[in-house]
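Letter by letter, the chains look like this.
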Amino acid sequence: MSVFYTGEDRQLDSSDRTIQLARQKLIPFDGILTQPLNEPMKLSLLNLNNELNERGLRVLAVAYKVFSTPPDNLQTSDESELIFAGFIAFEDPPKESTYSAIKTLLEHNIQIKVLTGDSAIVCQKICQNIQLSVPSNGIVTSLDLDGASDSRISELARTGTIFAKLTPLEKSKIVRALKADDHVVGFLGDGINDANALIEADIGLSVDNGTDIARDSADIILLEKDLRVVADGVIYGRQTYGNTLIFMSPGHGDFIKFWEFIFSTHCICLVSIHTNTTDSIVDSEFAL
């Protein structure tokens, strides 16, 4: 991402080629002097980036350029002759409950697939930390999807576990392929880039502190940002669904009472708003 500052104002343009675009780099511990950034040095920086990714760290490469005269609009062509300043590495560890939640979902025959804009290396390390098994052919990237036929995308969607470096449209493309393969698909996301996939999914789930567009695109809003909530919803939803089928069977004693209640002239129906999340999950998650 490129950021152009003029006082308090800024304009944004996206680019993931920071290192390749840089022509110079700051000399460490100086912060003023620079030196040419040649190809061996770029390769060394890229290797360092990969090493940090393998440790599960997300990495931002920071480079800058000083304009003598501020341009009216920042163009892609302005991303040249950059001065590489360094890396920012940060960790976003999974919640402690994630492993048990995924274990529960897998035990209930629900497949887990990870769709992300992050690198495959980072995602693979996170999956390792939460003990989510990824087969040898289970990593799919944006390059694999580029120009692929519908049948090939369907195959990748079926066999893949990690889908990395995806654009928003590619996320929805994977969801659409899984639905076309007769799967009931639930998608959990909270970012702007998740909106298309949330709409495309059979069940779109977001969280109450997600972005506005993610919440508007979702079918269900979770009040707690924890995958355990989804796992509990599956368990209780299936129990409720099963009990409903038993209750509605003609041979069940309460079946008669139910229809007497329905056709009664005076009836009172009690609804607890706290069951809304479970009720929304019942039909969809049971099918999963």
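In case you missed it, the structure is sitting above this.
The structure reproduced in this document is the subject of the present report.

Reading guide: rules and limits
Residues numbered from 1 in each chain as written. Predicted model: local features only at pLDDT ≥ 70, side-chain atom pairs only at ≥ 80, totals over all residues. Heavy atoms only, no water. Salt bridge = Lys/Arg side-chain N within 4 Å of Asp/Glu carboxyl O. Helix = DSSP H or I, 4+ residues; strand = E, 2+ residues; numbered from the N terminus. Buried < 20%, exposed > 50% of the residue type's maximum accessible area, 1.4 Å probe, protein only. Pairing = 2+ DSSP bridges. Patch = residues over 30% accessible without salt bridge, like charges linked within 9 Å, V, L, I, M, F, W, Y side chains within 5 Å. Areas by Shrake-Rupley, 256 points an atom, 1.4 Å probe, with all protein chains shown as cover. Arc of directions from axis to C-beta. Contact = heavy atoms within 4.5 Å.

Section: the pattern of salt bridges
Thinking step 1. Following the criterion strictly, the structure yields eleven salt bridges and no others.
Thinking step 2. With a shortest N-O distance of 3.2 Å, arginine 152 and glutamate 155 are connected by a salt bridge. Placement of the pair is arginine 152 and glutamate 155 together in helix H6 (residues 150-159), with a separation of three residues, close to one helical turn.
Thinking step 3. For glutamate 155, a relative accessible area of 34% gives the class partly exposed.
Thinking step 4. A salt bridge links aspartate 190 to lysine 225; the nearest nitrogen and oxygen atoms lie 2.8 Å apart. Highlighted residues: aspartate 190 in the loop between strand S10 (186-188) and helix H8 (195-200) and lysine 225 in the loop between strand S12 (220-222) and helix H10 (227-248), separated in sequence by 35 residues.
Thinking step 5. Through salt bridges with shared partners, a single ionic network connects Arg58, Asp92 and Asp118.

Let's talk about the sheet that holds strand S9 (residues 162-164)
Thinking step 1. Across the sheet, which stays open at both edges, the three strands sit in the order S7-S9-S8 with parallel pairing between neighbours. Lying at the two open borders of the sheet, with one neighbouring strand each, are strand S7 (114-115) and strand S8 (139-141).
Thinking step 2. In the sheet, S8 pairs with S9 via three bridges, with the strands oriented parallel. Paired with valine 140 across the bridge in S9 is phenylalanine 163.

Describing a nonpolar patch on the surface
Thinking step 1. A cluster of nonpolar side chains, namely Leu60, Val62, Ile88 and Phe90, defines an oily patch on the protein surface of about 320 Å² accessible area.
Thinking step 2. Within the residue set of the nonpolar patch, elements represented by two or more residues are strand S5 (58-64) and strand S6 (82-90).
Thinking step 3. Within the element layout of this structure, phenylalanine 90 appears in strand S6.
Thinking step 4. Note on phenylalanine 90: relative accessible area 36%, which makes it partly exposed.

Concerning helix H3 (residues 98-107)
It helps to recall that an α-helix has 3.6 residues per turn; residues three or four apart then point in one direction.
Thinking step 1. Every buried residue belonging to H3 is among Thr98, Ala101, Ile102, Thr104 and Leu105, and all of these are buried. Viewed end-on, H3 has its buried residues packed into an arc of 160 degrees, placing them on one side of the element.
Thinking step 2. Looking at the buried positions of H3, the neighbouring elements they touch are H10.
Thinking step 3. Positive backbone phi, approximately 60 degrees, marks asparagine 109, located one or two places after H3.

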